[in-house]
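# A look at the structure
Take a look at the letters that make up each chain.
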Amino acid sequence: MEETGINIQASSSKHQAPIGLFDSGVGGTTIWKEVVALMPNENTLFLADNKNAPYGEKSKEEIIALCDANTQFLLAHHAKIIVVACNTATTNAISFLRNRYKDVPFIGIEPAIKPASLQSVTKKIGVLATRSTLSSDLFAKTSEHWKQEEDLEMIEQVGEGLIELIESGRMESTDMTRLLRKYLLPMVAEGIDYLVLGCTHYPYLLPQIRAILPANIKVIDSGYAVAKQTRKVLAEKGLLQQNTDVMGQHLWVASGRLDILQQFAPQGMASLQIEKK
Ligand code: DGL
């Protein structure tokens, strides 16, 4: 990782140090938004490794190497906790990261199949996620557990091409509509009553997804649960921001196209492009 010159809370206490988050691209900002809504006083640093998106079509070894570099970047900028704001990165690399950085708390995100399984009435749920998430050992273990526990059918669908469209600024395009219809309508025909969004990019597609799905099908993601877990772990470790009079400071950085990342940013968000392999 090259020197970036970023100096976010470099000299501050462990309480004021930023929450570090990363994803392969803009998807992690859906998690960032939940984290900031829940903990408005915390400082944050979000890395979108969009130069290397999509992660979902990469091998486990490649994903681990990229996540390792992302972690080193965030730690070099004093992150007090790391939120792996990417299902693909979590399901393929979080064990490696926890093993390698034993003193660092990591929060991961996995497709919300537990709540969907428990609440499903038709006992048929759909999961839309990346290829690497759906083929990971962690996903296989969790999905097998819930299929058996609740005696349910899980229809797994790779969202091939969706990340590429979002990361190239074509989120609202006829190609996107075509792909979403292709992936979702067979699940509707199968009789699902829950759709799990197993990729942090997909909440941005919710209006388009809702326009395709009948109203009785519920759509869920894990964003709020991740934010709550982050707050819980920070509290347990005595790392929560103590000064509740100040609003947090935030920085988003991109290893690739900054203009795409900025399209998802709240007004006034500080952002910059960094050099990264
Ligand atoms: N946001 C990532 C996830 O949650 C997308 C992965 C990708 O880049 O393919 O899986």
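Figured I'd write up the structure that's included with this text. (Residues numbered from 1 in each chain as written. Predicted model: local features only at pLDDT ≥ 70, side-chain atom pairs only at ≥ 80, totals over all residues. Heavy atoms only, no water.)

## With respect to the nonpolar core
Among the nonpolar cores identified, the biggest contains 52 residues, and Leu-162, Leu-195 and Leu-205 are the most heavily contacted of them. Excluding anything up to four places from it in sequence, Leu-162 contacts Leu-128, Met-176, Leu-179, Leu-180, Tyr-183, Tyr-202 and Leu-205. One finds Leu-47, Ile-64, Ile-82 and Phe-106 within the second-largest nonpolar core, a separate group that totals 24 residues. (Core = buried A, V, L, I, M, F, W, Y, C linked by side-chain atoms within 4.5 Å. Buried < 20%, exposed > 50% of the residue type's maximum accessible area, 1.4 Å probe, protein only. Contact = heavy atoms within 4.5 Å.)

## What about the sheet that holds strand β9 (residues 250-254)?
Strands belonging to one sheet form pairs held by backbone hydrogen bonds; the direction of such a pair is parallel or antiparallel. Reading across from one edge, β4-β3-β1-β2-β9-β10 is the order of the six strands in this open sheet, with parallel pairing throughout. Strands with a single pairing partner mark the edges of an open sheet, and in this sheet they are β4 (106-107) and β10 (270-273). Where strand β1 (residues 19-23) lies against strand β2 (residues 44-48), five bridges are found, and the strand directions are parallel. The partner of Ile-19 across the bridge, within β2, is Thr-44. (Pairing = 2+ DSSP bridges. Helix = DSSP H or I, 4+ residues; strand = E, 2+ residues; numbered from the N terminus.)

## Here we look at helix α3 (residues 87-100)
Residues three or four positions apart in an α-helix share a direction because the helix packs 3.6 residues into each turn. Compared with an ideal rise of 1.5 Å per residue, which puts 14 residues at 20 Å, α3 spans 19 Å between its outermost C-alpha atoms and is within 8% of the ideal. Among all positions of α3, only Asn-87, Thr-88, Ala-89, Thr-90, Thr-91, Asn-92, Ala-93, Ile-94 and Leu-97 are buried. (Expected span 1.5 Å × (residues − 1).)

## Section: the pairing of β1
For β1, a buried count of five out of five residues is recorded, marking the element as mostly surrounded by other parts of the structure. By the alternation rule, side chains of β1 split into Ile-19, Leu-21 and Asp-23 and Gly-20 and Phe-22, which are all buried. As a crossover connection, the stretch from β1 through helix α1 (residues 28-38) into β2 is right-handed. Summarising the sheet, β1 and strand β3 (residues 81-84) pair through four bridges and their orientation is parallel. Each bridged residue has a counterpart across the sheet, and for Ile-19 the counterpart in β3 is Ile-81. (Right-handed = clockwise from strand over helix to strand, strands pointing away.)

## Side note on the site of the ligand
The local shell around the ligand holds 13 residues, among which Ser-24, Tyr-55, Gly-56, Thr-88 and Thr-200 are the closest. In this structure, an oxygen atom belonging to the ligand sits 2.5 Å away from a side-chain N or O atom of Thr-88. Coverage of the ligand by the protein amounts to 99% of the 300 Å² it exposes when considered alone. Of the residues contributing to the shell around the ligand, the split by class is five nonpolar, seven polar and one charged. (Near = heavy atom within 4 Å. Polar contact = N/O pair within 3.5 Å; in protein donor to acceptor, adjacent residues only side chain to side chain. Areas by Shrake-Rupley, 256 points an atom, 1.4 Å probe, with all protein chains shown as cover. Nonpolar A, V, L, I, M, F, W, Y, C, P; charged D, E, K, R; others polar.)

## Examining the sheet that holds strand β5 (residues 124-129)
Pairing in this open sheet of four strands is parallel, and the strands run β6-β5-β7-β8 from one edge to the other. Looking at which strands have only one partner, the edges of the open sheet turn out to be β6 (153-158) and β8 (218-220). Taken pair by pair, the neighbouring strands of this sheet meet at an average axis angle of 20 degrees, ignoring direction. In this sheet, strand β7 (residues 194-198) lies alongside β5 in parallel orientation, the contact comprising five bridges. Looking across to β7, one finds that Val-127 is bridged to Val-196. (Axes fitted to C-alpha atoms, helices over the stretch in contact; angles between N-to-C directions.)

## Focus: unusual backbone geometry
For the bond from Ala-53 to Pro-54, the omega torsion is 0 degrees, close enough to zero to count as cis. Phi at His-78 is positive, roughly 70 degrees, even though this residue is not glycine. On the secondary structure map, His-78 appears in the loop between α2 (60-76) and β3. Residue classification places His-78 among the partly exposed positions, given a relative accessible area of 36%.

## Considerations on the pattern of salt bridges
On inspection of all chains with the given rule, the structure shows 11 salt bridges. The closest approach of N and O atoms between Lys-80 and Glu-42, which form a salt bridge, is 2.6 Å. Of the two residues, Lys-80 sits in the loop between α2 and β3 while Glu-42 sits in the loop between α1 and β2, which places them 38 residues apart along the sequence. Glu-42 shares its class with Lys-80; the two are buried. For Asp-68, the salt bridge goes to Arg-100, with nearest N and O atoms at 2.5 Å. Residue Asp-68 is found in helix α2, and its partner Arg-100 is found in helix α3; the two are separated by 32 residues along the sequence. Residues joined in a network through salt bridges with shared partners are Glu-57, Arg-131 and Glu-160. (Salt bridge = Lys/Arg side-chain N within 4 Å of Asp/Glu carboxyl O.)

It is worth stressing that arrangement in space is one thing and function is another; only the former is reported here.
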